Amino acid sequence: MTQATTGPAAADERVARRDPLRRLLVRPELGALIGAVALFVFFSATADAFLQTSSFSTVLYASSTFGIMAVGVSLLMIGGEFDLSAGVMVTSSALVASLVSFQLTLNVWAGVAISLAVTLALGVLNGLLFVWTKLPSFIVTLATFLMLAGANLGVTKAVTGNVASDSIRDMDGFASAKDVFASEVDMGGVNVNVTVFWWIAFTVVATWILLRTRAGNWIFAVGGNADSARAVGVPVARTKIALFAGVAFCAWFSGMHLLFAFATVQSGEGVGNEFFYIICAVIGGCLLTGGYGSAIGAAIGAFIFGMVNKGIVYADWNPDWFRFFLGAALLAATVVNHLVRRRAER
Amino acid sequence: MTALVKLTGVGKDYGSVIALRDVSLEVAAGQVVCVLGDNGAGKSTLIKIVAGLHRHDSGTYEVQGEPVAFSSPRDALDLGIATVYQDLAVVPLMPVWRNFFLGSEKRRGLGRLDVDFMRRTTRDELLAMGIDLRDVDQPIGTLSGGERQCVAIARAVYFGAKVLVLDEPTAALGVKQAGVVLRYIVQARERGLGVVFITHNPHHAYPVGDRFLILNRGRPIGYHDKDDITREELTALMAGGAELEQLAHELEATGSTATARALDEEARTLGLTDD
Ligand SMILES: Nc1ncnc2c1ncn2[C@@H]1O[C@H](COP(=O)(O)OP(=O)(O)O)[C@@H](O)[C@H]1O
Ligand SMILES: [Mg+2]
């Protein structure tokens, strides 16, 4: 009998008992999922317009524009870093494509390609600056945020004499690029923006990378404990640089949507959005300290963001309250995440 | 037979701090070499050199007869030198199986992880070392300190380590858990691995060690085979000759002459005093 209490059988019982609860609690997106369902029920009950399919399509569109960025930002956060330049980088990317195509009278697809190269280079630069200076990414990207915000305005004014870029609506390739980045798809009578499908695709790919590839393992490891990761042979610097490049890729995609949705770009746009991306990721269960989170969670976070953003309008409330609700959701999410992490680490 | 790892007259400075001077060490297959010393003696510095985290400033470092100068832990790993660090052995929030394969993930084409294989292998390897984990998906942070060390050791053994370097694996553990880790050290030796076991506890070192290197303020103050030294001598040596003498003087001053003489005597027999 005494044997049994100290043998493996006893250890098994203990594991089995705490197993199901822990399994559930350690899912990073659980809190966000509950929050999303609660908000959905709430707005359905208070705002009649909310349940109309066209309104729902609008909610999904709002969610997708932030959700695409939240994919890259959440992977970076799981990898333990922030990118405060993400918001203005979207604008930079759109400006590069627009100014290059217009000034050189190129097919817009050439501008799209050049913008991809430039934006990825910006992301890699963020990563390299972070690796070289060994400063917190918060500081490094705060610096690149300010520089990009200034350059967006400065370059645009110098080139066009205006704060907005010239319209590229009539240029070669615009129609096909709009199809890819900013068209509406008819889904049984309801128009759904193509970004919604891209958002889902990005989230699926990111989830696959995180959970089923070596790169995903490395992302969790460099965010969870960079020293341990390095000691077992994970290329920490390379992984982090790739994550900054991933954010840049999402920024490029979002920038292309912006450009082909409106044909012209306001150079001062994007400032402040970086926090919304981070908020989506955090509401979705990413820990600010890194090493924990999910792309699906970030997608749910973006969906919550979209629901609150549009739900307030459908409920006929003053939209000024949007930030208030967002703040409350953020607070609730962080408290839940904190509890989850304590449980996971115990 | 050539030593797996051989350090000769190795030294290391951190700026103006002399962390290590003139340290020599040899580990052969199936041998446990214990490195003992008080806090700040330079033990961690020594193993960081062996592990490839730091490069030595003087002396030579040979692996199986070939001089080496590692630029990253990966280089050392590739030569079969695996290091288990006290604090940075694992990523606490990651599942046990992901930790087990971290940095050496098993893949099945296209970068896809072979999750089933890794889960199964982790469970089996741990079972072979006497740890029965039903749920290898739990975050490794939920395991006890001893279990975590054992996972790290099992991992190193599984990935074909020839030399296992353990930095104070027993320091934070209770008596029973320390016992589990010590048993693994013996197991690793029986499998033919060379082990460098760092500790400041002579009672942990003596039962498992074949040879003992004692460091004090970055310098070696003793390098003995087990036959040459008793547990008591090892303990006394660990405490350091100077401290022992000082203690003798203090005791003398307070009147415990008999004890003081005994300590003095012991210091002399150990060759710790100048005369
Ligand atoms: N990275 C470092 N920079 C400067 N000094 C260091 C560093 N690491 C260790 N030291 C110093 O080197 C000496 C030896 O330290 P260490 O090897 O950690 O000893 P131990 O592991 O035996 O406690 C100590 O005086 C310590 O303060
Ligand atoms: Mg130490």
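This text follows the structure it describes.
These numbers come from a predicted model, not from an experiment.

## Here we look at a nonpolar patch on the surface
Thought 1: A surface patch of nonpolar side chains, amounting to about 440 Å² of accessible area, comprises Leu135(A), Phe138(A), Ile139(A), Leu142(A) and Leu146(A).
Thought 2: For Leu146(A), the location among the structural elements is in helix 7 (residues 137-160).

## Quick notes on the sheet that holds strand 5 (residues 66-67) of chain B
All names here are of chain B.
Thought 1: Pairing is antiparallel across the open sheet formed by 4 strands, whose spatial order is 2-1-4-5. Either end of the sheet is taken by a strand with one partner, and the two such strands are strand 2 (17-27) and strand 5.
Thought 2: Across 2 bridges, the pairing between strand 4 (residues 58-63) and strand 5 is antiparallel. The partner of Glu62 across the bridge, within strand 5, is Pro67.

## Some words on helix 6 (residues 108-133) of chain A
Residues and elements named next belong to chain A.
Thought 1: A rise of 1.5 Å per residue sets the reference length of helix 6, with its 26 residues, at 38 Å; its end C-alpha atoms lie 37 Å apart and thus fit the reference within 8%.
Thought 2: All of the buried residues along helix 6 are Val108, Gly111, Val112, Ser115, Thr119, Gly123, Asn126, Gly127 and Phe130.
Thought 3: Here the buried face of helix 6 lies against helix 5 (86-103), helix 7, helix 8 (174-182) and helix 12 (236-262).
Thought 4: Positive phi shows up at Lys134, right after helix 6, with a value of about 60 degrees.

## Considering the interface of chain B and chain A
Thought 1: Contacts between chain B and chain A engage 30 residues on the former and 35 residues on the latter.
Thought 2: Of the roughly 2,900 Å² buried between chain B and chain A on both sides combined, carbon and sulfur atoms contribute 57%.
Thought 3: A class-by-class count of the residues in the side of chain B that touches chain A yields 15 nonpolar, 5 polar and 10 charged.

Rules used in this analysis
Residues numbered from 1 in each chain as written. Chains lettered and ligands numbered in written order. Predicted model: local features only at pLDDT ≥ 70, side-chain atom pairs only at ≥ 80, totals over all residues. Heavy atoms only, no water. Patch = residues over 30% accessible without salt bridge, like charges linked within 9 Å, V, L, I, M, F, W, Y side chains within 5 Å. Areas by Shrake-Rupley, 256 points an atom, 1.4 Å probe, with all protein chains shown as cover. Salt bridge = Lys/Arg side-chain N within 4 Å of Asp/Glu carboxyl O. Helix = DSSP H or I, 4+ residues; strand = E, 2+ residues; numbered from the N terminus. Pairing = 2+ DSSP bridges. Expected span 1.5 Å × (residues − 1). Buried < 20%, exposed > 50% of the residue type's maximum accessible area, 1.4 Å probe, protein only. Contact = heavy atoms within 4.5 Å. Buried area = accessible area lost by both parts, 1.4 Å probe. Nonpolar A, V, L, I, M, F, W, Y, C, P; charged D, E, K, R; others polar.

Coordinates in, geometry out; function isn't part of it.
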